[in-house]
Amino acid sequence: CLLSFLLFSVSSHPTSCCSAAELMSVLFFHAMRYKADDPRNQCNDRFVLSKGHAAPVLYAAWAEAGFVKESELVNLRKIDSDLEGHPTPKLAFVDVATGSLGQGLGAACGMAYTGKYFDKSSYRVYCMLGDGECSEGSVWEAMAFGSHYQLDNLVAILDVNRLGQSEPAPLKHDMEIYRKRCEAFGWNTYVVDGHDVEELCKAFWQAQQVKGKPTCIVAKTFKGRGLKGIEDLENWHGKPIPKDRVDEILKDLQSQIQVPNKTLCPDLPNEDTAPADLSPISLPSPPEYKKGDKMATRQAYGVALKKLGQASQRVVALDGDTKNSTFSETFKKAFPDRYIECFIAEQNMVGVAIGCASRDRTVAFASAFAAFFSRAYDQIRMGAISQTNVNLVGSHCGVSIGEDGPSQMALEDLAMFRAIPTCTVFYPSDAVSTERAVELSSNTKGICFIRTSRPATAVIYSPDEKFEVGVAKVVRQSDDDQVTVIGAGVTLHEALAAADTLAAKGKNIRVIDPFTIKPLDAATILASARATRGQIITVEDHYKEGGLGEAVLSAVGSEPGIVVTRLAVAGVPRSGKPQELLDIFGISAKYIAEACGPAVAK
C-alpha cells in the first residue's frame, strides 16, 4: 500500500500519506467490514478522510482492495481522472468531499447517528483527522455531539504527525494533552504508536467492545515516515519527492517489505441494512388554509415538515436550539425519534445533516435562523462539492423580524445560497406555498434553501394551487398594467398592498411572486416586463447585493428596453417595529407605490 501511493503521489502530499500508511492498512484490511466491489453498499462500514490532502493513500487502499485499477493511479490529479487532489463523491468510495479541514468528523457524526438511531444497523463509521485541523472549532463541536449522543459506532483517528503546512502544529507531539482533551469531551481514548501495526489492531478491536461512548485513537506518527532525509522534517508539506531521489527512496522502502505480494481481503459486512427507498415523497393531504388566513411561513414550515414525516420514514429534522422559533418543534413532537437537536453549533449541524443524507439514508431538513447559516457557509460550500441532497431552512429573515435587531436579521442569505452551484433557493410567501416548497425540496437534487419569515401574513393561494421549481406566479394583473413589481415573502404582501392603493387611484400594476429565486422564472418576468413597457421594480427584505434584485437583473440584463429599479435594505439596520423598519428602508407598501409613481404616470 505504501509503495503504491508513493509511485503516484510524487505530485500530491506524499509526506502526509506516509504518516497514515499503517493506520490506513489496519483500517481497510483488518478493522473495517465492506464489500470491496460495491463501495457504496448500505451495509458497509463508512470511512471519512477528514485530512483530505492525504487522498493518495485513500486511493492506494482502494487499489489494494481491487476497486481502483493500479494503472489509474498514475493519472492522479489529471483533468480526465476522478482521482482528484482531494476526495470527492465522483468516486464511489467517497461519501463526502473533504479538503477544507475540520469538517470530516461532523459528517461522520451524521453517518454514525443515522446508523445507530435511524438504520439501527451494525455498520461502523471511521474518520481520520490530522492534528493540524484540530485547531478548527468545528472539530470540537463534532466531538461534543458524538459523546452527547453516545455514538459508540464512531471511531475518530487523530494522525498526530506533529507538522502542519508551514510550521509544527500547536501541540506537536504532546500526546497527553490530546488524550486529556478527547477524554474531557467524553470520548473513550487510546494513545498509540501509529506505526505499530500490532498496537493499532488491538486499539481498533478494543474500540469495537466499548458501549456508550465514541472512541478516539490518538496516533503518534511522523510526517514522511520511511522517506530518508524527509521524515519528520519541516517544509515538505504538499511537495513532490525530487525526481532524482525517487528510485533511491523506493528501493529503501522495498527492502522493508516483509511479506511481499500478499493478497489482502477485507471482512464482509453484516447484511442488516435495507436499501434506501428512493420513491418520491408527497404531502399526505393538501394545505388546510383558506385565503385570508394569517400564518407566518416559519410556522407553516413546521406544519409541512410534520406532514412530510407522516408520508415518509426517511424524513428527519435537525435544529440548532431554535426549534421553538423555526417551528421544527412541530416535527419533534410528532416524531421525537427522528429529530436531532444539534444545539448552538451550526457548522456541526450542517455537517451532521450532510452525513445523515449520505447514501440516501435520510431526507434531512436542518433549520436555524437564516443569519446563522453564514457561520456554516464553508460546510454548505463543501456540501455542494459532496453532491449532497440536504435541505436547509432559514427563518427570521430581513428587517421584518423587528426588535431583535441586526444580529438576528438575515440580510445576506439569498446572496450566499445563490452562489452555491447545486442550490435551489425557495422563498415562499404564504402558508400554502411554504408547504409546497417543503414538499418540492424533499424531491429536489442538490442543496435546497427555504427562506421563511417571522411575521404572520395572509394566505393568498388556494389549497389546490400547483407549484413548480423555477415557475413564478403572477398574483395581480390587468390589461393596462404600467409596471411589474416583484416581491417575495413579506415584500410580496407589501407589493399587493401598494397595488391596492394604486388601484384605488385608477392605476394598475402587475405583481409577481417568483417562488424560487434560483432558478428564477425569467420567461414570466420578461413577458410581464414587455407587457408593462419594460418597467420592473424589485422589492426585497435583503441587502441589495446578491439578492432578488440582482437575480432579476441577471435574468433580463441582455434584453433591450427593460429598466429595473431595486428597492432593498441599504445599510446596517437597527432594532424597531417591523413596519417602522420596512418604512425606514423604503420597502413598505407606501414606498413601493411611490416608486411606481413615475411609471404609472407616463
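Just so you know, these numbers come straight off a predicted model, no measurement behind them.

Asker: Could you give an account of the packing of helix α5 (residues 104-118) against helix α6 (residues 137-148), naming the residues involved and the relevant values?
Answerer: At a closest axis distance of 8 Å, the pairing of α5 and α6 adopts a crossing angle of 20°. If you check the angle between α5 and α6, you find them roughly parallel. Of the two possible hands of crossing, α5 and α6 adopt the one that is left-handed. Residues Leu 105, Gly 106, Cys 109 and Tyr 113 of α5 lie in contact with α6, whose contacting residues are Val 139, Ala 142, Met 143, Phe 145 and Gly 146. Tallied by class, the residues present in the contact of α5 with α6 amount to 7 nonpolar, 2 polar and no charged.

Asker: Please provide a residue-by-residue account of the environment of Thr 15, values included.
Answerer: Relative to the elements of secondary structure, Thr 15 occurs in helix α2 (residues 14-19). Overall, the relative accessible area of 2% leaves Thr 15 in the buried class. Separated by 556 residues in sequence, Thr 15 and Gly 571 have C-alpha atoms that sit 49 Å apart. Among residues more than four places away in sequence, those in contact with Thr 15 are Lys 223, Gly 224, Leu 227, Ile 230, Trp 236 and His 237.

Asker: Pulling in residues and values, what's your account of the environment of Arg 476?
Answerer: Within the secondary structure, Arg 476 sits in strand β14 (residues 473-476). Sequence separation between Arg 476 and Ala 497 is 21 residues; the distance between their C-alpha atoms is 11 Å. Among the polar contacts made by the side chain of Arg 476, one reaches the side chain of Asp 500 at a distance of 2.9 Å.

Asker: Before we move on, could you go through the UniProt feature "domain: Transketolase-like pyrimidine-binding" (unreviewed entry) in the chain and cite the residues and values that matter?
Answerer: Residues given the UniProt feature "domain: Transketolase-like pyrimidine-binding" (unreviewed entry) here are residues 295-459. Along residues 295-459 the backbone is 38% helical and 20% strand, and the end-to-end C-alpha distance reaches 7 Å.

Asker: Explain the sheet that holds strand β2 (residues 125-130) residue by residue, including any values.
Answerer: Taken in spatial order, the 5 strands line up as β1-β2-β3-β5-β4 in an open sheet, and their pairing is parallel. Of all strands in the sheet, those with a lone pairing partner are β1 (46-49) and β4 (188-193), marking the two edges. Neighbour-to-neighbour, the strand axes of this sheet turn through a mean angle of 20°, independent of strand direction. In this structure, β2 lies alongside strand β3 (residues 154-160), joined through 6 bridges in parallel fashion. For Cys 127, the partnering residue across the bridge sits in β3 and is Ala 156.

Asker: An account of the side chain of Thr 297 is needed here, citing residue identities and associated values.
Answerer: As for its placement among the helices and strands, Thr 297 is situated in helix α10 (residues 297-311). When neighbours within four sequence positions are excluded, Thr 297 is seen to be in contact with Pro 428, Ser 429, Asp 430, Thr 434, Thr 452 and Ser 453.

Asker: Lay out the packing of aromatic side chains with the relevant residues and their values.
Answerer: Throughout the structure, instances matching the rule amount to 23 aromatic pairs. Here the aromatic rings of Trp 62 and Phe 67 are separated by 6.0 Å at their centres, their planes lie at 75°, and the arrangement is edge-to-face. Ring centres of Phe 426 and Phe 515 lie 5.7 Å apart, and the angle between their planes is 75°; on these two criteria the pair is classed as edge-to-face. Taken together, the positions of Phe 426 in strand β11 (residues 424-426) and Phe 515 in the loop between β16 (510-513) and β17 (516-518) put the pair 89 residues apart, joining distant regions of the chain. Comparing Phe 426 with Phe 515, the two get one shared label, buried. A connected cluster of aromatic rings, assembled from ring pairs, spans Phe 28, Tyr 34, Phe 47, Tyr 59, Trp 62, Phe 67 and Phe 93. The ring of Phe 335 carries the charged tip of Arg 338 above its face, separated from the ring centre by 4.3 Å. Across from the ring centre of Phe 467, 4.8 Å away, lies the NZ or CZ of Lys 473, which sits over that ring.

Asker: Could you give an account of the pattern of salt bridges, with specific residues and numbers?
Answerer: In this structure the tally under the stated criterion is 23 salt bridges. Across the pair Arg 179 and Glu 176 runs a salt bridge whose closest N-O atoms are separated by 3.3 Å. Of the two residues, Arg 179 and Glu 176 are both situated in helix α7 (residues 175-184); the distance of 3 residues between them amounts to about one turn of the helix. The class of Arg 179 is partly exposed, set by a relative accessible area of 26%. As a salt-bridge pair, Lys 228 and Asp 252 come within 3.7 Å of each other at their nearest N and O atoms. Here Lys 228, found in the loop between β5 (215-220) and α9 (243-254), pairs with Asp 252, found in helix α9; they are 24 residues apart in sequence, far enough to count as distant. For Lys 228, a relative accessible area of 48% translates into the label partly exposed.

Asker: Describe the sheet that holds β11, listing the residues and the values that go with them.
Answerer: Taking strand neighbours across the sheet as the criterion, the 7 strands line up as β8-β7-β9-β10-β12-β11-β17 in an open arrangement whose pairing is mixed. Edge positions in the sheet fall to β8 (339-341) and β17, since each of these pairs with one other strand and no more. The sheet shows a mean angle of 20° between the axes of neighbouring strands, direction not considered.

Asker: Break down the packing of helix α13 (residues 346-357) against helix α14 (residues 377-385) for me, citing the residues and quoting the values.
Answerer: Close contact between α13 and α14 brings their axes to 8 Å; oriented N to C, the two are set at 20°. Viewed along their axes, α13 and α14 adopt a mutual orientation that is roughly parallel. Handedness of the α13/α14 crossing: right-handed. In this structure, α13 contributes Gln 347, Val 350, Gly 351 and Ile 354 to the contact, and α14 contributes Gln 379, Ile 380 and Gly 383. Split by residue class, the contact of α13 with α14 holds 3 nonpolar, 4 polar and no charged.

Asker: Describe unusual backbone geometry, naming the residues involved and giving the relevant values.
Answerer: Omega for the peptide link from Lys 518 to Pro 519 comes to 0°, which places this bond in the cis form. Mapped onto the secondary structure, Pro 519 falls in the loop between β17 and α18 (522-531). With phi around 60°, His 396 is a residue other than glycine that occupies positive phi space. Within the element layout of this structure, His 396 appears in the loop between β10 (390-395) and α15 (413-418). Owing to a relative accessible area of 2%, His 396 belongs among the buried residues under this scheme.

Criteria and cut-off values
- Residues numbered from 1 in each chain as written.
- Predicted model: local features only at pLDDT ≥ 70, side-chain atom pairs only at ≥ 80, totals over all residues.
- Heavy atoms only, no water.
- Axes fitted to C-alpha atoms, helices over the stretch in contact; angles between N-to-C directions.
- Helix = DSSP H or I, 4+ residues; strand = E, 2+ residues; numbered from the N terminus.
- Parallel < 35°, antiparallel > 145°, perpendicular 65-115°, else oblique.
- Left-handed = near helix turned anticlockwise from the far one by under 90°.
- Contact = heavy atoms within 4.5 Å.
- Nonpolar A, V, L, I, M, F, W, Y, C, P; charged D, E, K, R; others polar.
- Buried < 20%, exposed > 50% of the residue type's maximum accessible area, 1.4 Å probe, protein only.
- Polar contact = N/O pair within 3.5 Å; in protein donor to acceptor, adjacent residues only side chain to side chain.
- UniProt positions renumbered as here; feature names shortened; annotations may be inferred.
- Pairing = 2+ DSSP bridges.
- Phe/Tyr/Trp six-rings, centres within 6.5 Å; stacked < 30°, edge-to-face > 60°.
- Lys NZ or Arg CZ within 6 Å of the ring centre and 35° of its normal.
- Salt bridge = Lys/Arg side-chain N within 4 Å of Asp/Glu carboxyl O.

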